[in-house]
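# Structural overview
Each chain, written out:
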Amino acid sequence: MSLSLPERDQAVVWHPFTQMQTAPLPIPIVRAEGAVLYAEDGRTFIDAISSWWVNLHGHAHPYIAEKVSEQLRTLEHVIFAGFTHRPAVELAERLLPILPAGQAKVFYSDNGSTAVEVALKMAFQYWHNIGQPRTRIIALEDAYHGDTFGAMAVGARSAFSAPFAPFLFDVDFIPAPVPGREEEALAKLEALLDENVAALIVEPLVQGAGGMNMYSPEILNELIRAARRQGALIITDEVMTGFGRTGKLFASLYLEERPDLMALSKGITGGTMALGVTTCTQAIYEAFLSDDKFKTLFHGHSFTANPLACTAALASLDLTLSPETAANLERIAARHRAFADSIQGHPVVRNVRQRGTILAFNLQTGEATSYFNNIRDVAYNFLLDRGVLMRPLGNVLYLLPPYCITDEQLGYVYGQVEALLRELKVKN
Ligand SMILES: Cc1ncc(COP(=O)(O)O)c(C=O)c1O
């Protein structure tokens, strides 16, 4: 008897963030269109989390597909040291003017973690190259910046990083400045700042994997100003918040202060291909210019600036900058607001929060808020059984849909979340 695809998968594949001993067999998806995933067995799922926050304009978007397939027939890849190509140059030319003022150069890599690694290396080497080495980074508690070692080091120390704790470089953490903790965060930052702090790294306004924690532009401006007074560089990790997710093109555009370095990925290609980008100011770039070869940024990946990925990003940018997307961002934010109001007083709902197309709240279950909260599996399976893909972060439930999600689909998702809340209320 021939094995099913999930059985074949189980025999040979190891999945991310998955306890392979206890996880149910994965669901084979055969195609996807707009916000909907189609499973092999005929089930459909509304992708309410944009497939790990990458998808912007819907799956298998015909415009992006057309552009990528044209590029695939022309130039699929070329080494990016000593060579260049139109998609990489054009993408950098088009990205820089829409970023917060001051970003001057684009460095390509493959994903969000590498975009962060590059930002950290640029920050440390900047200080090294100008002859004033600084060795410390300040980051936020509950931060998530990726799974490579440098990115893990600047992320929250948790069960996820515990086996690697001895190998992570020391980082100073301050509380995420969520409402009620702003003063504490600022005071801790001021106490930590000195001339050895190379950079402050933040996920601006929304901490994603740490629990969709949201905080205001005003307090981030204050933190940045304090860090700047001691000369620290500012890194905004917009891997999740970039490309319209928070209502503006970039979360950093809510700020009066400007970052020195930015990390971008995920939505950059509309969710089509893997691509990472690190951008920096002219001042940082110039610290690497020298007759001395040792001042070079010695970093690169085989697939740096892959032409297909850059082409997907250019096509996605066309769609992102269209009036239709602007209208969708407003439409989703307004629908989220109305839904947020409707669940505010629900007995199992706490801390409803929203920024642009991201809506999040905590499920009150008697257990502490945590990624390992048992309610996670209950909620995940309840929603999946009803055709909605959401991946609660422990007891934090959130919506982060593709911008093309229709009102009808959104209404259906809200309806299933309401059904979940009714079920949990009865059980509590
Ligand atoms: C803010 C942030 N930075 C970095 C990353 C890492 O990105 P990747 O998974 O592409 O390595 C993520 C991924 O969730 C993220 O949310």
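For the structure given in this document, a descriptive report is provided here. Keep in mind it's a predicted model, so treat the numbers as computed, not measured.

This brings us to the environment of Pro392. One can find Pro392 in the loop between strand 15 (388-389) and strand 16 (396-399). Under the relative-accessibility criterion, Pro392 is labelled buried at 3%. A sequence separation of 41 residues divides Pro392 from Asn351, and the C-alpha atoms of the two residues are 15 Å apart. Other than its neighbours up to four places away in sequence, Pro392 contacts Arg376, Ala379, Tyr380 and Leu397.

Moving on, we come to the pattern of salt bridges. Under the definition given, this model contains 14 salt bridges. Where salt bridges share partners, they join Arg225, Arg228, Glu256, Glu257 and Asp260 into one cluster.

With respect to topology, 4 strands assemble into an open sheet ordered 1-2-3-15, the strand pairing being mixed. Looking at strand neighbours, the two that pair on one side only are strand 1 (29-33) and strand 15, the edges of this open sheet. Direction of pairing for strand 2 (residues 36-39) relative to strand 3 (residues 44-47): antiparallel, over a ladder of 3 bridges. The residue bridging Leu37 from the neighbouring strand is Phe45, located in strand 3.

Conventions used here
- Residues numbered from 1 in each chain as written.
- Predicted model: local features only at pLDDT ≥ 70, side-chain atom pairs only at ≥ 80, totals over all residues.
- Heavy atoms only, no water.
- Helix = DSSP H or I, 4+ residues; strand = E, 2+ residues; numbered from the N terminus.
- Buried < 20%, exposed > 50% of the residue type's maximum accessible area, 1.4 Å probe, protein only.
- Contact = heavy atoms within 4.5 Å.
- Salt bridge = Lys/Arg side-chain N within 4 Å of Asp/Glu carboxyl O.
- Pairing = 2+ DSSP bridges.

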